[in-house]
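Structural overview
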Amino acid sequence: MFAGGGTGGHLFPAFAIADEFQRRLGSNCQIRFFITGRDLERKLIGGRGYGMTRINVRGLKRGSLVGNALFLPILSLGIAQAIAKIIAFNPDLVVGTGGYLSFPAVLGAKITRRPAFIQEQNSFAGVATRQLSRFADLIFLAYEQAAARLAFREKCILSGNPVNTAIGTVEREQALARFNLDPTKQTLLILGGSQGAASINAKITSSLPDFQRLANLQLLWQCGNHPASIASFNSSGVAGKALAFVEDMPAAYACADLILCRAGALTLAEVTAAAKPSIVVPYPHATDDHQTKNAETLVEAGGAILVKDDQLAALNLVSLVQQLFSDEAKLFAMSSAAGSLGRKGAAEAIVQRIFEYMGWR
């Protein structure tokens with residue numbers, strides 16, 4: 001059984017690990033996901049053929065006493081539901097990939113005396129990982145510095161972030177055809193996470209008239225469930241495509257000559273696996289500003305340019321993109337730097353260690 005928060009950033013690492021379990025075990029492997037009930041979860045998990053089990057859970061609303069009044073009662077209910085579901089499904093093990101959904105699932109596993117494992121994507125371990133570290137059997141980290149916030153470092157294993165193994169393997173021509181893009185144009189891929197990013201969407205929308213004047217450029221824009229952004233793009237005359245959600249991310253990365261994105265841990269793991277240059281705009285309200293910390297290694301290596309969220313509105317984005325596209329040597333150096341940080345094989349390493357812990361062959 002897997003548990004990741006209700007966003008793509010927690011789900012996609014779980015999918016990579018689950019896929020590796022299935023590759024090794026074949027028909028002897030059955031996988032089920034705990035979910036919060038969000039449409040995105042049902043679409044992504046159901047589309048992969050995995051079972052789903054809903055439990056009631058919610059995260060803390062920072063700075064909101066009223067909003068947190070029901071936190072403990074709902075958490076208690078979620079733990080009780082997780083215990084009941086684990087007993088009913090009788091899994092060999094439970095894997096949590098971060099977010100508040102991991103807490104009742106991993107705790108329920110230990111209460112029912114089953115092995116439980118955690119995969120932490122960020123450079124600063126989140127609240128759920130910190131609280132669960134005493135219960136987890138092993139903790140897989142994407143960043144070495146994440147161990148600094150954990151009390152049980154002897155359980156920690158540096159594995160990297162699991163990503164789709166197809167990332168970095170798709171041919172550019174095939175990928176461009178997948179999205180009906182022009183192979184003669186340079187492509188800017190815009191990612192705001194599975195739910196979109198308001199400040200990035202606003203910046204792209206306001207920049208569309210200037211992008212329209214660049215004849216050699218096209219956009220592939222994942223804007224989240226924001227019909228107004230898609231409508232603005234479709235009426236702008238800018239070449240390319242705007243989509244609420246991109247399901248074929250390996251193809252999207254293969255299309256990209258440059259990426260504009262948030263600095264979520266999974267996004268950066270995919271960017272480095274694809275060896276693509278990027279402009280990163282960390283989400284300013286992330287816990288402990290962990291997105292900025294996630295980005296620092298990539299920026300310091302020369303693989304990305306950092307733009308603070310509060311500087312984005314005033315930035316001449318089109319000029320920056322045009323400058324980068326006109327400097328092939330710069331883009332190549334950024335790509336090489338990003339690729340040097342790409343850590344492939346994380347899912348295989350995680351599953352191998354779990355197999356060893358479980359005494360499986």
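See the structure printed just above.
We now turn to the structure provided with this report.

Here is what the cut-offs are and how they apply
Residues numbered from 1 in each chain as written. Predicted model: local features only at pLDDT ≥ 70, side-chain atom pairs only at ≥ 80, totals over all residues. Heavy atoms only, no water. Helix = DSSP H or I, 4+ residues; strand = E, 2+ residues; numbered from the N terminus. Rg over C-alpha atoms; globule rule 2.2 N^0.38 Å. Buried < 20%, exposed > 50% of the residue type's maximum accessible area, 1.4 Å probe, protein only. Lys, Arg positive; Asp, Glu negative; His and termini not counted. Charge placed at Lys NZ, Arg CZ, Asp CG, Glu CD. Salt bridge = Lys/Arg side-chain N within 4 Å of Asp/Glu carboxyl O. Pairing = 2+ DSSP bridges. Contact = heavy atoms within 4.5 Å. Axes fitted to C-alpha atoms, helices over the stretch in contact; angles between N-to-C directions. Phe/Tyr/Trp six-rings, centres within 6.5 Å; stacked < 30°, edge-to-face > 60°. Parallel < 35°, antiparallel > 145°, perpendicular 65-115°, else oblique. Left-handed = near helix turned anticlockwise from the far one by under 90°. Nonpolar A, V, L, I, M, F, W, Y, C, P; charged D, E, K, R; others polar.

We now examine the overall build of the protein. Within the protein one finds 15 helices and 13 strands. Against the globule reference of 21 Å for 361 residues, the protein gives a C-alpha radius of gyration of 21 Å, in line with a compact fold. The principal-axis extent of the C-alpha atoms belonging to the protein is close to 60 × 50 × 35 Å. Split into buried and exposed, the 361 residues of the protein put 53% on the buried side. Between the centroid of the 35 positive side chains of the protein and the centroid of its 27 negative side chains there is a distance of 8 Å.

The subject of this paragraph is unusual backbone geometry. A positive phi is found at asparagine 90, a non-glycine position, where the angle reads about 55°. Among the structural elements, asparagine 90 can be located in the loop between helix H3 (71-89) and strand S4 (94-96).

A few words on the environment of arginine 113. Assignment of secondary structure puts arginine 113 in the loop between helix H4 (102-111) and strand S5 (116-120). According to the relative accessible area criterion, arginine 113 is exposed, its value standing at 78%. Separated by 219 residues in sequence, arginine 113 and phenylalanine 332 have C-alpha atoms that sit 51 Å apart.

Once that is clear, we can look at the pattern of salt bridges. By the definition in use, this model includes nine salt bridges. Residues glutamate 247 and lysine 43 are paired through a salt bridge, measuring 3.3 Å at the closest nitrogen-oxygen approach. You can see glutamate 247 sitting in the loop between strand S10 (240-243) and helix H9 (249-255) and its partner lysine 43 sitting in helix H2 (residues 39-47), a full 204 residues away along the chain. The partner of lysine 110 in a salt bridge is aspartate 137, with the nearest N and O atoms 2.9 Å apart. In this pair, lysine 110 sits in helix H4 while aspartate 137 sits in the loop between helix H5 (127-132) and strand S6 (138-141), placing the two residues 27 residues apart along the sequence. Taking the relative accessible area as the measure of exposure, lysine 110 reaches 25% and is therefore partly exposed.

We now examine the sheet that holds S5. Across the sheet, seven strands lie side by side as S3-S2-S1-S4-S5-S6-S7; this open sheet has parallel pairing. This sheet does not close on itself; its edge strands, each paired only once, are strand S3 (51-54) and strand S7 (156-158). Of the strands in this sheet, strand S2 (32-35) and S3 touch H2, which is tilted by about 155° from S3. Running over the sheet, helix H15 (residues 346-358) touches S4, S5, S6 and S7 and is turned about 170° from S6.

Pairs of aromatic rings are described using the distance from one ring centre to the other and the angle between the two planes. What the rule picks out here adds up to 10 aromatic pairs. Seen from their ring centres, phenylalanine 15 and tyrosine 50 are 6.5 Å apart, and the 25° between their planes marks the pair as stacked. Placement of phenylalanine 15 in helix H1 (residues 8-25) and of tyrosine 50 in the loop between H2 and S3 is noted, with a sequence separation of 35 residues between them. Both residues of the pair, phenylalanine 15 and tyrosine 50, count as buried. Seen from their ring centres, phenylalanine 355 and tryptophan 360 are 5.3 Å apart, and the 90° between their planes marks the pair as edge-to-face. According to the relative accessible area criterion, phenylalanine 355 is buried, its value standing at 4%. Through successive ring pairs, a cluster of aromatic residues spans Phe2, Phe12, Phe15, Phe21, Phe33, Tyr50, Phe355 and Trp360.

Here glycine 160 shows up in the loop between S7 and helix H6 (172-178). Given a relative accessible area of 2%, glycine 160 falls into the buried group. Sequence spacing of glycine 160 and tyrosine 143 is 17 residues, and the spatial spacing of their C-alpha atoms is 6.6 Å.

A separate point is the sheet that holds strand S11 (residues 258-261). Ordered in space as S10-S9-S8-S11-S12-S13, the six strands form an open sheet in which the pairing is parallel. Bordering the open sheet on either side are S10 and strand S13 (304-306), each of which pairs with just one other strand. Averaged over all pairs of adjacent strands, the angle between their axes in this sheet comes to 15°, without regard to strand direction. Strands strand S9 (217-222) and S10 of the sheet are contacted by helix H8 (residues 227-234), whose axis makes an angle of about 165° with S10.

A word on the packing of helix H7 (residues 198-212) against H8. Relative orientation of the contacting elements H7 and H8 amounts to 20°, with a least axis distance of 10 Å. It follows from the interaxial angle that H7 and H8 lie roughly parallel. When you trace H7 past H8, the crossing you get is left-handed. For the pair H7 and H8, the contacting residues are Asn201, Thr205 and Leu208 in the first and Ser229, Ser232 and Phe233 in the second. Of the residues in the contact of H7 with H8, the class split is two nonpolar, four polar and no charged.

With respect to the helices, strands and loops of the structure, threonine 53 is situated in strand S3. Assessed through its relative accessible area of 8%, threonine 53 is described here as buried.

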